[in-house]
Every structure is written in C-alpha cells, then in structure tokens.
Amino acid sequence: MLTLYKQLPNFILTTKLDELLNWCRKSSVWYMLFATACCGIELMQTGGPRCDWDRFGAVPRSTPRQSDLMIIAGTISYKMAVCTRRLYDQMPDPKYVIAMGSCANCGGLFKHSYSVLKGIDKVMPVDIYVPGCPPRPEALTDGLLKLQEKMQKEKFLRS
Amino acid sequence: MIKEKFTFAEEVKPQAGGGWYLVPADKIVEVCKTLRDDYKFDCLSCLTGIDLVDYFEVVYHLFSYSEKKPLVLKVKLEKQSSTMPSVSAIWPSANWMEREVFDLLGIKFENHPDLRRIMLPEDWAGHPLQKSYKEPEEYCGMSTKR
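Residues numbered from 1 in each chain as written. Chains lettered and ligands numbered in written order. Predicted model: local features only at pLDDT ≥ 70, side-chain atom pairs only at ≥ 80, totals over all residues. Heavy atoms only, no water.

A. Representation of the overall build of chain A in the model. Along the backbone of chain A there are five helices and seven strands. Listed N to C, the secondary structure of chain A is β-β-α-β-α-β-β-α-β-α-β-α in terms of helices and strands. Considering chain A as a whole, with its 159 residues, one finds that 42% of them fall into the buried category. Contacts in chain A between residues at least 24 apart in sequence constitute 75% of all its contacts with a sequence separation of at least 6. Entry remark: accessible area of chain A is about 8600 Å², with carbon and sulfur atoms responsible for 58%. Distance between charge centres in chain A, computed from 21 positive and 14 negative side chains, equals 3 Å. (Helix = DSSP H or I, 4+ residues; strand = E, 2+ residues; numbered from the N terminus. Buried < 20%, exposed > 50% of the residue type's maximum accessible area, 1.4 Å probe, protein only. Contact = heavy atoms within 4.5 Å. Areas by Shrake-Rupley, 256 points an atom, 1.4 Å probe, with all protein chains shown as cover. Lys, Arg positive; Asp, Glu negative; His and termini not counted. Charge placed at Lys NZ, Arg CZ, Asp CG, Glu CD.)

B. How the structure looks around the overall build of chain B. Per the secondary structure count, chain B includes three helices and nine strands. Counting from the amino terminus, chain B carries its helices and strands in the arrangement α-β-β-α-β-β-β-β-α-β-β-β. Its C-alpha atoms give chain B principal-axis dimensions of roughly 55 × 30 × 25 Å. Burial analysis of chain B (146 residues in total) assigns 43% to the buried set. Nonlocal contacts in chain B, meaning residues at least 24 apart in sequence, comprise 46% of its contacts between residues at least 6 apart. Accessible area for chain B stands at about 8200 Å²; split by element, carbon and sulfur atoms hold 53% of it. For chain B, the centre of its 20 positive side-chain charges and the centre of its 23 negative side-chain charges are spaced 3 Å apart.

C. Layout of the sheet that holds strand 2 (residues 20-22) of chain B. Residue and element names in this part refer to chain B. Read across the open sheet, the five strands follow the order 1-2-5-4-3; overall the sheet is mixed. Two strands close off the open sheet at either side, each with one partner strand: strand 1 (10-12) and strand 3 (43-51). Each neighbouring strand pair of the sheet contributes to a mean axis angle of 25°, computed without reference to strand direction. Note: strand 3 against strand 4 (residues 55-64), eight bridges, orientation antiparallel. Counted as the bridge partner of Cys43 is Phe63 from strand 4. Contacts from helix 2 (residues 28-39) reach strand 4 and strand 5 (69-78) within the one sheet, and its direction differs from that of strand 5 by about 170°. This element, helix 3 (residues 94-105), spans strand 3 and strand 4 of the sheet and lies at about 10° to strand 3. (Pairing = 2+ DSSP bridges. Axes fitted to C-alpha atoms, helices over the stretch in contact; angles between N-to-C directions.)

D. Inspection of the packing of aromatic side chains at higher detail. Tallied over the full model, the rule gives five aromatic pairs over all chains. Pairing Tyr78 of chain A with Tyr139 of chain B gives two aromatic rings, centres 5.8 Å apart and planes at 50°, and the pair type is tilted. Placement of Tyr78 of chain A in helix 3 (residues 78-90) and of Tyr139 of chain B in strand 8 (residues 138-139) is noted, with the two residues assigned to different chains. Residue classification places Tyr78 of chain A among the buried residues on the basis of a relative accessible area of 1%. Ring centres of Trp124 of chain B and Tyr139 of chain B lie 5.3 Å apart, and the angle between their planes is 40°; on these two criteria the pair is classed as tilted. Here Trp124 of chain B, found in the loop between strand 7 (108-110) and strand 8, pairs with Tyr139 of chain B, found in strand 8; they are 15 residues apart in sequence, far enough to count as distant. Exposure class is identical for Trp124 of chain B and Tyr139 of chain B. Each is buried. Following the ring pairs from residue to residue traces out a cluster consisting of Tyr78 of chain A together with Trp124 and Tyr139 of chain B. (Phe/Tyr/Trp six-rings, centres within 6.5 Å; stacked < 30°, edge-to-face > 60°.)

E. Spotlight on helix 3 of chain B. Residue and element names in this part refer to chain B. Taking 1.5 Å of rise per residue, twelve residues should cover 16 Å, and helix 3 covers 16 Å from first to last C-alpha, within 8% of that figure. When you tally the buried positions in helix 3, you get ten out of twelve residues, the bulk of the element. By the burial criterion, the buried members of helix 3 are Ala94, Asn95, Met97, Glu98, Arg99, Val101, Phe102, Asp103, Leu104 and Leu105. One or two steps after helix 3, the chain reaches Gly106, where phi turns positive at roughly 80°. (Expected span 1.5 Å × (residues − 1).)

F. Up close: the pairing of strand 6 (residues 96-100) of chain A. All names here are of chain A. With five of its five residues buried, strand 6 lies for the most part within the structure. Here strand 6 shows a buried face lined by Tyr96, Ile98 and Met100 and a second buried face lined by Val97 and Ala99. Inspection of the sheet shows strand 6 paired to strand 7 (residues 128-130) by three bridges, in the parallel sense. Across the sheet, Ile98 pairs through a bridge with Ile128, a residue of strand 7. Once you follow strand 6 into helix 4 (residues 101-106) and on to strand 7, the crossover reads as right-handed. (Right-handed = clockwise from strand over helix to strand, strands pointing away.)

G. Here's a closer look at the nonpolar core. Residues and elements named next belong to chain B. Ranked by size, the top nonpolar core spans 32 residues in total, and within it Leu47, Tyr60, Leu73, Met84 and Val87 carry the most contacts. Broken down by secondary-structure element, the contributors of at least two residues to this core are helix 2, strand 3, strand 4, strand 5 and helix 3. Here this core takes five residues from helix 2, the largest share from any one element. Leaving out residues up to four positions away in the same chain, Met84 has contacts with Ala25, Ile28, Val58, Tyr60, Val75, Leu77, Ile107, Lys108, Phe109 and Glu110. (Core = buried A, V, L, I, M, F, W, Y, C linked by side-chain atoms within 4.5 Å.)

Here you go:
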C-alpha cells in the first residue's frame, strides 16, 4: 500500500489516492452499538480492553448516523427486522454489515420459529459472515480484519 | 379443602407429579377470588394456554407465600367460543400473561383492561401456537423461507 522511500529526504510517501482514502476509511471503522441477543455479550467483550478493537481504529458509536459498520449480533425477529432495516437506512454510505453468529447468518437455533428472521441477508446486504454460537471475540476480530482487507481493495473513486 | 368448598371443581391426580383442579370457565373468577382472599394464594406465578387440538386448556399456577404451597388450576375451553373471563382484576400479574395467551393462542379474556398483542407485531396475522396455524410465505416483504 503505502510505499516508504526511505532513501528520499524527509520521508516522502507515495501512494494512490484511492488507496490512501481506503486506508483512512479502514482505519476508522466506527461500528454501531447494537446487539439483539447473547452475541451482544461477546461483542462487548470484543470491544472491551482485552480484545480491544480500538487498536484497529474501530470504536463504538451510539447512533447509526455516525456509524460505518453494523454488526448484527444476535437473533433478529420479524418485528426487530423492520427496525434493523430502518437503522441500516439511516447509516451514511459507504456502509458495511457483519452478520455475527448463527442466528444472524441463517436463523440458527431458531430457524423453525414462526417469528425469527432466517438470516439478516433477507433484509440487507451482508459483507462478512462470522460463524459460531456465539463467535469468540477472536473470531469477530478476524471478521473485522477481513472486512478491512475488503475495504482496502475497493476502487472507491473509479465507480 | 377446595373440594368441599367448590363441589364443581374436579380433582385430577396423576400417578406421578402434583395434581390439579379442573374448574369450569365461568366459575374461574369466583374460585380465584376465594383462593386469594380465604386461602392466601397471593401470587399467580404462571398463566399459560395449551392447544390440545380438540379444545384449549388454560393453566393457572398459584402460589401462597405465607402457606408455602402451590396449587394448579386448569380450565377446559371450547374452540368455538375460545372466550373466558379474565383474572387480571384479582392478580395484576395476570394482565401480561393473559395478553401473551391471547397473542399466541387467540384466547379472548373478557373484562381484560388492555387485551392486545404483547410480543408479536400489531399487524401479525393469526395466532402461531394454534395447531392449525399455517406460516405465511412472507411478512412485510421479508421471506419466511429457510
């Protein structure tokens, strides 16, 4: 990405504007504080001091209008799916979604229920699926790193 | 004790586990009021409904804190009317539990102060714990397919 020409005086960095913008974006993934079930406990653990998402530039925001990333942490019922879609619509572009855990991926344990949505991808596009019930903080962190790789590869200006 | 007081209540004693009293639906308020006032059953710990295909059953789990004993009442309910009196005036905790039974089974409780759905969305069609419930293809444009 950023190529450092140490031989040049004053440490000049050369890069492409696309890549610089992507580097900025991926280094400040602000995720929305939003959890619907027990995956939320692991999400708190992941954002907490032991796993510390701050070191990747990911900090929680309490409003969708300041968020880049929505982590669907938990079971989504049909009643909640309507609200979740509204929250997703309130997020500014470009926005990303991580489906965390079996329930958000496909309905999981509750897939035979009459009231549970069978995967959040029926309501909104999903970038990263993290399997597990619930996923460990390491798994979710891996999901974030995968998302950052994806963001870095985007051709943001040439669309 | 209840058998002497309420002759219409039928006592059922299974081989294992605790027994219960079968009470006619139109007598339930009278029975519950007496149990609360004279027999110190001050807590309605659970009120549930069951769809037994031929009829509904509403189950009342009572508990007496001072006497330290539980009591179970059951009411058989015909599917045609599926209406019975509410006990929410006797134990306020019945309010939400009766709303839940209404929400999931469609049993209507007369004289309930606020009988509407408690968990499912307001625009939900049908009562999903009824055995005859058919899941619709979609809800609000969301597919219900697995």
